[in-house]
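Structural characterization, general
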Amino acid sequence: MWLLSFIPDFIFHIIAIVGILLTIGAIAFGQIPFIGTYNIPINIIGVVLIIFGFYMEGAISNEESWQAKVKEMELKVAAAEIQSQKENVKMIEKVVKKTEYITRKGQDIIRYVDKEVVKYDTKFAPGGVCEIPKEFIKALNDAAEAPK
Amino acid sequence: MKYIICFSLVILTGCSVVPVKANFPDVPERLMIKCPQLEKVSETPTLSDVAKTVTNNYTSYYECAVKHDGFVEWYNIQKEIFNKVK
């Protein structure tokens, strides 16, 4: 409640107490001649102050319960952020590890190709015994083409 | 007019804002890298060129798959964490 953010709580306690005192005073001292003249206005002011004071007492209590919920929520959000960061680190480590393994494996296979498969290059060269057909190359390149 | 202003003020005493907001986290940069284009074989390739190109393409695929799977897993984990904050 915004009103409570710039008016201290004790003001509303005082309003409620003053309201009660005025009402009791109006009832108790109503018969005294001088005070009795102002009995009705004092009673009305007292009742108004009681209503407003009690309303604000309820608001203070409500505000406190909301503030407690906000604190609880803040703690939850902070805990979630920490957990999220931890999971991020774990995930990045996992991806880096896997990617490194795949890259290393690819490099190992390339080294193997350079060592073993290269021996058959002349046999499969254009005009060689087992020339690689153009259709085979086309099929491979078509498969590698990104969809448009 | 005076009464309307007073009444509005009384009504507005109930106004409040909730200051806590949980934001969905950003995706790690590592998972946001685009997958590369696949390599093509030259017009007159040797057998080893073909083998290397195929190997490189398989490697690219698996590297990309790791990123994609990582993103899906990251999203599911973060969603679960985010949904707990309620």
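None of these values were measured; they are calculated from a predicted model.

Things to note about the overall build of chain B
- A tally of regular secondary structure across chain B gives 2 helices and 0 strands.
- Counting all 86 residues of chain B, 20% fall into the buried class.

Side note on the confidence of the model for chain A
- Looking at chain A as a whole, the pLDDT averages 89, with 97% of positions reaching at least 70.
- Looking at the elements of chain A, mean pLDDT is at its lowest for helix α1 (residues 2-6) of chain A, recorded as 70, and at its highest for helix α4 (residues 39-115) of chain A, recorded as 93.

Describing the interface of chain B and chain A
- Taken together, the contact between chain B and chain A spans 41 residues of the former and 41 residues of the latter.
- Within the side of chain B that touches chain A, the residues separate by chemical class into 20 nonpolar, 13 polar and 8 charged.

Some words on the packing of α4 of chain A against helix α2 (residues 47-84) of chain B
- Taken N-terminus to C-terminus, the directions of α4 of chain A and α2 of chain B make an angle of 170°; their axes are 10 Å apart at the nearest point. When the interaxial angle is binned, α4 of chain A and α2 of chain B end up roughly antiparallel.
- Its residues placed into classes, the contact of α4 of chain A with α2 of chain B shows 14 nonpolar, 11 polar and 9 charged.

Describing the confidence of the model for chain B
- Mean pLDDT over chain B works out to 87, with 87% of the residues at or above the 70 mark.
- Complex prediction metrics read pTM 0.72 and ipTM 0.77.

Points about the packing of helix α2 (residues 9-28) of chain A against α4 of chain A
- Contact geometry for α2 of chain A and α4 of chain A: axes closest at 7 Å, N-to-C directions at 150°. Considering only the axes of α2 of chain A and α4 of chain A, their crossing is left-handed.

Considering α2 of chain A
Residue and element names in this part refer to chain A.
- Here α2 contains 20 residues, and its C-alpha end-to-end distance of 29 Å stays within 8% of the 28 Å for a straight helix at 1.5 Å per residue.
- Regarding α2, the residues found buried are Phe-12, Gly-19, Leu-22 and Ala-26. Taken end-on, α2 shows its buried residues confined to a sector of 85°, consistent with a single buried face. Exposed residues lying more than 90 degrees from the buried face of α2 are Phe-10, Ile-24 and Ala-28.
- Here the buried face of α2 lies against α4.

The rules behind the values
- Residues numbered from 1 in each chain as written.
- Chains lettered and ligands numbered in written order.
- Predicted model: local features only at pLDDT ≥ 70, side-chain atom pairs only at ≥ 80, totals over all residues.
- Helix = DSSP H or I, 4+ residues; strand = E, 2+ residues; numbered from the N terminus.
- Buried ≥ 20, exposed ≤ 12 C-beta atoms within 10 Å, placed from the backbone.
- pLDDT = per-residue confidence, 0-100.
- Contact = placed C-beta atoms within 7 Å.
- Nonpolar A, V, L, I, M, F, W, Y, C, P; charged D, E, K, R; others polar.
- Axes fitted to C-alpha atoms, helices over the stretch in contact; angles between N-to-C directions.
- Parallel < 35°, antiparallel > 145°, perpendicular 65-115°, else oblique.
- Left-handed = near helix turned anticlockwise from the far one by under 90°.
- Expected span 1.5 Å × (residues − 1).
- Arc of directions from axis to C-beta.

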